[in-house]
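Observations on the three-dimensional arrangement
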Amino acid sequence: LDMRSILPRAVRDLAQELTRLPGIGPKTALRLSIHLLRQPYPIVANLANTLKNLHANVRTCTQCFNLAEQEQCFICRDANRERTVLCVVEDPLDVEAIEKTGAYTGLYHVLGGVLSPLEGITASTSSALEAKDVRRPLETCMMRRASAVVISPSLLTSAFSGRGTEVEVPTRKP
């Protein structure tokens with residue numbers, strides 16, 4: 001942000017932090033900062049508390065790597081889920097979208113992104129395990145194909161007590 005701005009430092013500092021968010025450029029960040037300044041204090045205080053609680057209350061599920069409030073997410077804790085089918089997805093938003101359909105009753109494995117050696121994200125830094133059998137690639141782009149290749153039956157046996165028999169990898173339109 002422009003250091004010659006006449007806006008107060010607190011507004012500029014908030015705008016600078018907001019530009020760290022995806023899709024928020026300097027102008028939008030300034031607009032959001034001014035918008036928040038115009039809101040009643042209780043609304044802004046509630047937003048601040050919600051942001052503080054985000055890291056305090058959300059963790060990664062130890063079984064599927066989805067977002068969770070406990071050691072395991074509610075899907076992994078659900079005894080009614082079909083434990084022989086595993087849906088491999090890129091991120092928690094994919095789980096959310098699939099769950100909204102109500103059509104899938106199996107378990108998930110959340111990769112936490114796709115492999116991108118250029119960005120330093122490799123099989124050893126991903127939640128994905130070593131590779132062999134995947135029914136379909138995550139998507140058509142090369143990074144997602146590379147991610148699909150590192151998913152193996154060992155993921156089923158190690159993460160899901162050896163009861164998994166089928167790997168389901170959904171495709172998404174770009």
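Notes on the structure follow. The structure displayed is predicted, hence computed values, not measured ones.

**Brief notes about the overall build of the chain**
Broken down by element type, the chain carries 7 helices and 5 strands. Beginning at the N terminus, the succession of helices and strands in the chain can be written as α-α-α-β-β-α-β-α-β-α-α-β. Burial status across the chain gives 31% buried among its 174 residues. Counting contacts in the chain only where the partners sit at least 6 residues apart, residues at least 24 apart contribute 43% of the total. Accessible surface computed for the chain: about 11500 Å², of which carbon and sulfur atoms make up 58%.

**Here we look at a nonpolar patch on the surface**
Together, L54, V58 and L67 line one region of the surface with nonpolar side chains, adding up to about 250 Å² of accessible area. Checked against the element boundaries, V58 lands in the loop between helix 3 (41–57) and strand 1 (59–60). Taking the relative accessible area as the measure of exposure, V58 reaches 34% and is therefore partly exposed.

**Considering helix 1 (residues 9–18)**
Listing the buried residues of helix 1 in full gives V11, R12, A15 and L18. The buried residues of helix 1 occupy an angular sector of 120° when projected down its axis, which confines them to one face. Among the structural elements, helix 2 (26–38) are those in contact with the buried residues of helix 1.

**Description of unusual backbone geometry**
Backbone geometry places F65, a non-glycine residue, at a positive phi of 75°. With respect to the element layout, F65 can be found in the loop between strand 1 and strand 2 (67–68). Residue class for F65 comes out partly exposed when judged on its relative accessible area of 33%.

**Let's talk about the environment of I75**
For I75, the location among the structural elements is in helix 4 (residues 74–77). Since its relative accessible area comes to 2%, I75 is described here as buried. Setting aside residues up to four positions removed in sequence, I75 forms contacts with N66, R81, R83, V95, E99, G106, L107 and Y108.

**Focus on the side chain of R12**
Considering the arrangement of structural elements, one finds R12 in helix 1. There is no salt bridge for the buried R12, and the closest opposite charge comes from D13, which lies 5.8 Å off by N-O distance.

**Quick notes on the pattern of salt bridges**
By the definition in use, this model includes 3 salt bridges. Between R9 and D13 there is a salt bridge whose closest N-O contact spans 3.9 Å. Separated by 4 residues within a single helix, R9 and D13 lie in helix 1, roughly one turn from each other. D13 sits in the partly exposed class, given a relative accessible area of 38%.

**Some thoughts on the packing of helix 1 against helix 2**
Describing two packed helices takes the angle between their axes plus the distance from one axis to the other. Relative to each other, helix 1 and helix 2 sit at 125°, their axes nearing to 8 Å. Put simply, helix 1 runs oblique to helix 2. The two elements helix 1 and helix 2 cross, and the hand of that crossing is right-handed. Between helix 1 and helix 2, the residues in contact are V11, L14, A15 and L18 and A29, L30, L32, S33, I34, L36 and L37, respectively. Here the contact of helix 1 with helix 2 is built from residues that sort into 10 nonpolar, 1 polar and no charged.

**Here we look at the nonpolar core**
Across soluble globular proteins, nonpolar side chains have a tendency to be buried as a group. Grouped together as the largest cluster of nonpolar side chains are 18 residues, with contacts concentrated most on C73, V89 and Y108. Sorting elements by how many residues they give to this core places strand 3 (residues 82–89) first, with 5 residues. Residue contacts for C73: discarding those within four places in its chain leaves C61, C64, N66, L67 and A68.

Conventions and cut-offs
Residues numbered from 1 in each chain as written. Predicted model: local features only at pLDDT ≥ 70, side-chain atom pairs only at ≥ 80, totals over all residues. Heavy atoms only, no water. Helix = DSSP H or I, 4+ residues; strand = E, 2+ residues; numbered from the N terminus. Buried < 20%, exposed > 50% of the residue type's maximum accessible area, 1.4 Å probe, protein only. Contact = heavy atoms within 4.5 Å. Areas by Shrake-Rupley, 256 points an atom, 1.4 Å probe, with all protein chains shown as cover. Patch = residues over 30% accessible without salt bridge, like charges linked within 9 Å, V, L, I, M, F, W, Y side chains within 5 Å. Salt bridge = Lys/Arg side-chain N within 4 Å of Asp/Glu carboxyl O. Arc of directions from axis to C-beta. Lys, Arg positive; Asp, Glu negative; His and termini not counted. Axes fitted to C-alpha atoms, helices over the stretch in contact; angles between N-to-C directions. Parallel < 35°, antiparallel > 145°, perpendicular 65-115°, else oblique. Left-handed = near helix turned anticlockwise from the far one by under 90°. Nonpolar A, V, L, I, M, F, W, Y, C, P; charged D, E, K, R; others polar. Core = buried A, V, L, I, M, F, W, Y, C linked by side-chain atoms within 4.5 Å.

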